[in-house]
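Observations on the three-dimensional arrangement
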Amino acid sequence: MQDERINIDMPDEATGVPEAGGQTERPRMIECENLVKIYKTKDLEVVALQGLDLVVEKGELMAIIGNSGSGKSTLLNMLGGLDRPSAGKLFVDGQDLLKFNEQQLIKYKRETVGFIWQNNARNLIPYLTAQENVEMPMRLTGKKNRRSRALQLLDLVGLLNRRNNKLSQLSGGEQQRVAIAIALANDPKLLLADEPTGSVDSRTAATILDVFRELNKALGVTVVIVTHDRQISRKVDRVVAIRDGRTSSEFIRRRSYAEELAAMGEGVFGDQSETHDELVVLDRAGRLQIPAEFLQTLGLKGKNKVKVELDGNKVVVYSPEE
């Protein structure tokens, strides 16, 4: 009989492992520790996040993936200052968001973070031109040199020649690129994108992701993309998976995107398993989420108790009935 057990390799102590979130000790843009969010109504209580840990480095381009209801959008709203955690710690650029009053929160949303929505109606004013849309956030904050800044940003996203076009004259992909320029208008340190490729075709999605990479490289802005599309990992170096309100695993690129492009010649990628290593996240209490397909294969799905043994440098998990 085949030994149906899960072997969890322990990393070599000489190389060490990053802390929760897969990070080394470098400057941090985002720090979430044991983050909890509970939504309450008269007759119902929903736990959207239950002890989530996440660290994002400054200047990083990364994605957060998860199925509907996993908690990824709740996390994004809290990072954007649109919602507050019920418990835990949340720091962005060294600022404790749990201690913000309403005035500080408004200042944070105007100066520290830029937001890109999937629905372009939330990003753009339809009766304004692309240039006027990009200038609008700067008008609200009283910035000078608005025109030159707007033109610079439209050039960065490849739409300088469309600066005088209104919403109805732009394609879906062009509208999303204008939305990216708007989000960058006030020089944010953190750029948040909620399903930015969710309403466009695959070719346009690839173009939008290329824009994020170029902006990340040119401006050094930290970019966090929330999506349900696992294919997005082709163009970012780290992907964090959220399941049931917690970070469950990370996909770390084995070599840089530029190196893969050079190797492939035409930018055609293989399966994610060929380009990334998947690491299960171990939280501070020693808990981890074993992938559901592993549990299903070994007949452990639905069990609330399993046996755990230390076997050399491996932790072995298996059914008590074995």
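Residues numbered from 1 in each chain as written. Predicted model: local features only at pLDDT ≥ 70, side-chain atom pairs only at ≥ 80, totals over all residues. Heavy atoms only, no water.

Details of the nonpolar core
Ile116, Val134, Val178, Ile180, Leu191, Phe212 and Ile225 are the most contacted members of the largest nonpolar core, which totals 38 residues. Among the elements of the structure, β4 (61-65), α3 (130-141), α4 (146-156), α5 (172-183), β8 (190-194), α6 (202-219), β9 (222-227) and β10 (238-243) are those that each provide at least two residues to this core. The leading source of residues in this core is α5, at six residues. Apart from residues lying up to four places away in sequence, Ile180 is in contact with Ile116, Val157, Ile208, Val211, Phe212 and Leu215. Cys32, Phe100, Val113 and Leu190 belong to the second-largest nonpolar core, a separate cluster that totals 29 residues. (Core = buried A, V, L, I, M, F, W, Y, C linked by side-chain atoms within 4.5 Å. Buried < 20%, exposed > 50% of the residue type's maximum accessible area, 1.4 Å probe, protein only. Helix = DSSP H or I, 4+ residues; strand = E, 2+ residues; numbered from the N terminus. Contact = heavy atoms within 4.5 Å.)

Examining the confidence of the model for the chain
Chain-level pLDDT for the chain is 81 on average; 81% of the residues reach the 70-or-more range. Low pLDDT, under 50, characterises residues 13-24; the stretch is placed with 20 contacts to residues that sit more than four places away or in other chains. Low pLDDT, under 50, characterises residues 266-270; the stretch is placed with seven contacts to residues that sit more than four places away or in other chains. (pLDDT = per-residue confidence, 0-100.)

A short note on α3
Among all positions in α3, only Ala130, Gln131, Asn133, Val134, Glu135, Pro137 and Met138 are buried. Positioned one or two residues after α3, Gly142 has a phi angle of 75°, which is positive.

Some details on the sheet that holds strand β2 (residues 28-40)
Within the open sheet, the four strands sit side by side as β3-β2-β5-β6. Their pairing is antiparallel. One side of each edge strand has no neighbouring strand; the edge strands of this open sheet are β3 (45-57) and β6 (95-96). Lying over the sheet, helix α1 (residues 72-79) contacts β2, β3 and β5 (87-92), oriented at roughly 120° with respect to β2. (Pairing = 2+ DSSP bridges. Axes fitted to C-alpha atoms, helices over the stretch in contact; angles between N-to-C directions.)

So, the pairing of strand β13 (residues 307-311)
Bridge count between β13 and strand β14 (residues 314-318): five bridges; the pairing is antiparallel. Looking at the pairing, Glu309 lines up with Val316 of β14. If you look at the hairpin formed by β13 and β14, you'll find two residues sitting between the two strands, and Gly312 has a positive phi there, around 65°.

Quick look at the pattern of salt bridges
If you walk through the whole model with that rule in mind, you get 11 salt bridges. The salt bridge involving Glu45 is made with Lys40; its shortest N-O contact spans 3.9 Å. Overall, the relative accessible area of 49% leaves Glu45 in the partly exposed class. (Salt bridge = Lys/Arg side-chain N within 4 Å of Asp/Glu carboxyl O.)

A look at unusual backbone geometry
Most of the time, phi is negative for any residue but glycine, and the peptide bond is trans. Positive phi is not limited to glycine here, since Glu195 has a value of about 50°. Looking at where Glu195 falls in the secondary structure, it is placed in the loop between β8 and α6. The class for Glu195 is buried, based on a relative accessible area of 11%.

Some remarks on the packing of aromatic side chains
What characterises a pair of aromatic rings is the spacing of the ring centres plus the angle enclosed by the ring planes. Inspection of every chain in the model, using the stated rule, returns two aromatic pairs. Measuring from centroid to centroid gives 4.3 Å for Phe115 and Trp117, while their planes differ by 15°, and the two rings are stacked. In this structure, Phe115 and Trp117 share a single accessibility class: buried. A cation over an aromatic ring shows up here: Lys37 above the ring of Tyr39, its NZ or CZ 5.0 Å from the ring centre. (Phe/Tyr/Trp six-rings, centres within 6.5 Å; stacked < 30°, edge-to-face > 60°. Lys NZ or Arg CZ within 6 Å of the ring centre and 35° of its normal.)

Brief notes about the packing of α3 against α4
For the pair α3 and α4, interaxial distance at closest approach is 9 Å and the crossing angle is 125°. One element, α3, and the other, α4, form an angle in the oblique class. Read as a crossing pair, α3 and α4 show a hand that is right-handed. Of α4, the residues touching α3 (which contributes Ala130, Gln131, Val134, Glu135, Met138 and Arg139) are Arg146, Arg147, Arg149, Ala150, Leu151, Leu153 and Leu154. (Parallel < 35°, antiparallel > 145°, perpendicular 65-115°, else oblique. Left-handed = near helix turned anticlockwise from the far one by under 90°.)

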